[in-house]
Amino acid sequence: MTLDEQCRVRRHVQMIVPTSRGNAFTDFRAPTRQPLPDSLYFLDDSGNADISAFGFLRVPQVDGWSTAEAAWTTFLKELQVNPYITYTPDYPLHAVDLIAGRGRLLHPVAGAAPTKRQKTEAANIVLQGLRTLARVPGLAVGAVYRHGATREDLYADLVSMVNNRHAAAGSSCQFIVDGNGTERALRAAHHRLPADRRHVLGDPLLVPARRIPLLQAADFVAHVAHQSVVRLPSRAFMWDWYGQVFPEAGAPMDLGQLL
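Residues numbered from 1 in each chain as written. Predicted model: local features only at pLDDT ≥ 70, side-chain atom pairs only at ≥ 80, totals over all residues. Heavy atoms only, no water.

Novice: Explain the environment of Thr-132 to me, and be specific about the residues and the numbers.
Specialist: Structurally, the position occupied by Thr-132 is in helix H5 (residues 116-134). For the pair Thr-132 and Val-245, spaced 113 residues apart in sequence, the C-alpha to C-alpha distance is 9.6 Å. Once residues lying within four places of it in the same chain are set aside, the contact partners of Thr-132 are Ala-71, Trp-72 and Phe-75. (Helix = DSSP H or I, 4+ residues; strand = E, 2+ residues; numbered from the N terminus. Contact = heavy atoms within 4.5 Å.)

Novice: Give a detailed account of the nonpolar core, specifying residues and quantitative values.
Specialist: The biggest cluster of nonpolar side chains holds 49 residues, and the ones touching the most others in it are Phe-42, Leu-57, Leu-93, Val-126, Leu-130, Phe-220 and Tyr-242. No other element matches the eight residues that helix H8 (residues 213-230) contributes to this core. Beyond its immediate sequence surroundings of up to four residues, Leu-130 is in contact with Phe-220, Val-221, Val-224, Trp-241, Val-245 and Phe-246. Among the nonpolar cores identified, the runner-up in size contains 22 residues, and Leu-43, Val-144, Leu-186 and Val-200 belong to it. (Core = buried A, V, L, I, M, F, W, Y, C linked by side-chain atoms within 4.5 Å. Buried < 20%, exposed > 50% of the residue type's maximum accessible area, 1.4 Å probe, protein only.)

Novice: If you had to explain the environment of Asp-44 to someone new, which residues and values would you point to?
Specialist: Along the chain, Asp-44 falls in strand E1 (residues 39-47). For the pair Asp-44 and Val-221, spaced 177 residues apart in sequence, the C-alpha separation works out to 8.3 Å. When sequence neighbours within four positions are dropped, the list of residues in contact with Asp-44 reads Ala-53, Phe-54, Gly-55, Asp-178, Leu-215, Ala-218, Asp-219 and Ala-222.

Novice: Now, about the packing of aromatic side chains: what can you tell me, with residues and values included?
Specialist: Applying the stated criterion across every chain yields a total of nine aromatic pairs. A ring pair is formed by Phe-237 and Trp-241, whose centres lie 5.7 Å apart and whose planes are at 70°; its orientation type is edge-to-face. Looking at Phe-237, the relative accessible area reads 42%, which means it is partly exposed. Classification of Trp-241 by relative accessible area gives buried; the value is 7%. Grouped by ring-pair contacts, the aromatic residues Tyr-41, Phe-54, Phe-56, Tyr-155 and Phe-175 constitute a single cluster. Here the guanidinium or amino end of Arg-117 rests over the ring plane of Tyr-84, the centre of that ring lying 4.1 Å away. (Phe/Tyr/Trp six-rings, centres within 6.5 Å; stacked < 30°, edge-to-face > 60°. Lys NZ or Arg CZ within 6 Å of the ring centre and 35° of its normal.)

Novice: Break down the side chain of Gln-227 for me, citing the residues and quoting the values.
Specialist: Tracing the sequence through the fold places Gln-227 in helix H8. Filtering out sequence-adjacent residues up to four positions away, Gln-227 remains in contact with Leu-232, Arg-235, Met-238 and Trp-239.

Novice: So what about H5? Which residues, and what values?
Specialist: Compared with the 27 Å implied by 1.5 Å per residue over 19 residues, the 28 Å span of H5 between its first and last C-alpha is a close match. Within the sequence span of H5, burial applies to Gln-118, Glu-121, Ala-122, Ala-123, Ile-125, Val-126, Leu-127, Gly-129, Leu-130, Thr-132 and Leu-133. (Expected span 1.5 Å × (residues − 1).)

Novice: An account of the pairing of E1 is needed here, citing residue identities and associated values.
Specialist: Burial within E1 is extensive, with seven of its nine residues counted as buried. For E1 and strand E2 (residues 51-60), the ladder comprises nine bridges, and the chain directions are antiparallel. Paired with Tyr-41 across the strands is Arg-58, a residue of E2. With five bridges joining them, E1 and strand E4 (residues 173-178) adopt parallel strand pairing. Across the sheet, residue Ser-39 finds its bridge partner in E4, namely Cys-173. (Pairing = 2+ DSSP bridges.)

Novice: Report on the packing of helix H3 (residues 64-79) against H5, specifying residues and quantitative values.
Specialist: Look at H3 against H5: their axes get within 9 Å of each other, and the N-to-C directions meet at 150°. Regarding the angle of H3 to H5, the classification is roughly antiparallel. Handedness of the H3/H5 crossing: right-handed. Side by side, H3 and H5 meet where Ala-71, Trp-72, Phe-75 and Leu-79 of the first sit next to Ile-125, Gln-128, Gly-129, Thr-132 and Leu-133 of the second. Within the contact of H3 with H5, the residues separate by chemical class into six nonpolar, three polar and no charged. (Axes fitted to C-alpha atoms, helices over the stretch in contact; angles between N-to-C directions. Parallel < 35°, antiparallel > 145°, perpendicular 65-115°, else oblique. Left-handed = near helix turned anticlockwise from the far one by under 90°. Nonpolar A, V, L, I, M, F, W, Y, C, P; charged D, E, K, R; others polar.)

Novice: Let's hear about the sheet that holds strand E3 (residues 140-147): which residues, and what values?
Specialist: Two pairing modes exist for strands in a sheet, parallel and antiparallel, and in both the strands are linked by backbone hydrogen bonds. Spatially, E5-E4-E1-E2-E3-E6 is the arrangement adopted by the six strands of the open sheet, whose pairing is mixed. Single-partner strands in this sheet number two, and they are strand E5 (205-207) and strand E6 (253-254). With two bridges connecting them, E3 and E6 associate as parallel partners. Bridged to Val-144 within E6 is Met-253.

In structure tokens form, the structure reads like this:
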């Protein structure tokens, strides 16, 4: 089965649709909220030498992918008419490049330095993308981080926690992660889950973000959540973006405190 066929099959699995919006983690913490539905998680990582972070989108299995992707596609179409950038649908968006004002989006002509206005517009793309996600019915965001952990260790912690929460709710989920398909350590995290209490189904679907636009959206969440934690002085303008756009999300979770 090809990747495209896998994706189409997973889009049409008949599962449960939530009737209200929530946050990926507030649903975990509050037993009075609606139980976690069967879900898809789109994940990407961020971080530096000291902190690893993951940001993700959670959508309901039924229609969640298509609803979120339609909203994101509309957002991308709006970028095509922005006079200050040169965006084409085949160009993958990376928050770190947009915030830094670099990349082909701002350099359509070799040697041409971007203007201050172009750099501002590029950074605003990230904020606009986050606001797009905040308006998608049924979509929730989450972010986790851990000091002194590798990407693989943090991922294993996250998989275990999500599995426990879905087990408690009696629902299941699948992970779709930015990758090239060779990340054995990420697969191993799924294989270590107890067979009789496994609610994260199968291996992660490892796909380059350029193939699935919602992974680029997860990159936006991951980068902004990471900056809200590390608070680099040069990025002070975006320290509060995560909390402002997703007020129900709460702060990114430090999984090191839960170990």
